[in-house]
Amino acid sequence: MKSVYPLPDFEARIATPQTLPALLARLPRPLVFTNGCFDILHRGHVTYLAQARALGAALIVGVNSDDSVRRQNKGADRPINPLADRMAVLAALASVNAVASFDTDTPLDLILAIRPDVLVKGGDWPVQAIVGGRAVLGWGGQVHSIPFLHSTSTTATLSRIRETS
């Protein structure tokens, strides 16, 4: 039976490898790119994403696949939320124009495919260590490391949850 309720608009912001080129063509420039696991979304994440979005006309977020998260040694039970759920939550944020996943250990291939005008990471990344930074600077773009305004993290949240169990 077909649902009488249409899919939410944000679902169209979730890119697949097949839909990414058309989605990118519709986004205004300058295009900002950032990436991460975004496992359990918290205030630090949404503040950071809003700040990143303010650096351009559109924000695309690269999201680590489940296997990519596991390879980062964040814990045997990570990610808590599967990729499809993490992407949908990010796509629903007002500051996010598109999300795309990557299965590699770094987002370099995705950055090269997207060719953002602005590359952003959180304040724990010095600009010179941001993956893809050299390429973005090479085509005339900018690279930013945004200082954290809130000391929150998914790892710390999970530690508090585990301590109370």
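Please refer to the structure placed before this passage.
Source: prediction; values computed, not measured. For every chain, the first residue of its written sequence is number 1, and the numbers climb from 1 along that sequence. Under the rules for a predicted model, residues below a pLDDT of 70 receive no local features and side-chain atom pairs below 80 are neither given nor counted, while totals for whole chains, interfaces and linings still include all residues. Based on all heavy atoms of the structure, the side-chain values leave hydrogens and waters out of the count.

Peer 1: So what's going on with the pattern of salt bridges? Which residues, and what values?
Peer 2: Each reported salt bridge corresponds to a side-chain nitrogen of Lys or Arg within 4 Å of a carboxyl oxygen of Asp or Glu. Under the counting rule described, the total for this entry stands at 5 salt bridges. We note a salt bridge from Asp39 to Arg78, for which the minimum N-O separation is 2.6 Å. Separated by 39 residues along the polypeptide, Asp39 in the loop between strand E1 (31-36) and helix H2 (43-53) and Arg78 in the loop between helix H3 (66-70) and helix H4 (83-91) bring together distant segments of the chain. Note on classification: 1.4 Å probe, protein chains only; a residue is buried when its accessible area is under 20% of the maximum for its type, exposed when over 50%, partly exposed between these limits. On the accessibility criterion, Arg78 (3% relative accessible area) is buried. One salt bridge in this structure joins Arg70 and Asp67, with 2.7 Å as the shortest N-O distance. In this pair, Arg70 and Asp67 both sit in helix H3, 3 residues apart, roughly one turn of the helix. For Arg70, a relative accessible area of 42% gives the class partly exposed. Its relative accessible area of 42% is what places Asp67 among the partly exposed residues. Strands here mean DSSP runs of E at least two residues long; helices mean DSSP runs of H or I at least four residues long; both are numbered from the N terminus.

Peer 1: Can you explain the sheet that holds strand E4 (residues 118-122)? Please cite residues and give values.
Peer 2: Strands pair in a sheet through their backbones, by hydrogen bonds, and they do so in one of two ways: parallel or antiparallel. Strand order in the open sheet formed by 5 strands is E3-E2-E1-E4-E5, and the pairing between neighbours is parallel. The two strands at the open ends of the sheet, each matched to only one other strand, are strand E3 (98-102) and strand E5 (142-146). Within this sheet the neighbouring strands show an average axis-to-axis angle of 25°, counted without direction. Across 5 bridges, strand E2 (residues 58-64) lies against E3 in parallel orientation. Bridge assignment links Gly62 to a residue of E3, and that residue is Ala100. The contact definition used throughout considers only heavy atoms, calling two residues in contact when any of these lie within 4.5 Å. Axis definition: a line fit to C-alpha positions, over the contact stretch in the case of helices; interaxial angles, taken between N-to-C directions, run 0 to 180 degrees. Strands E1, E2, E4 and E5 of the sheet are contacted by H2, whose axis makes an angle of about 135° with E2. Note on pairing: two strands pair once DSSP finds at least 2 bridges between them.

All we've got here are geometric facts, nothing functional implied.
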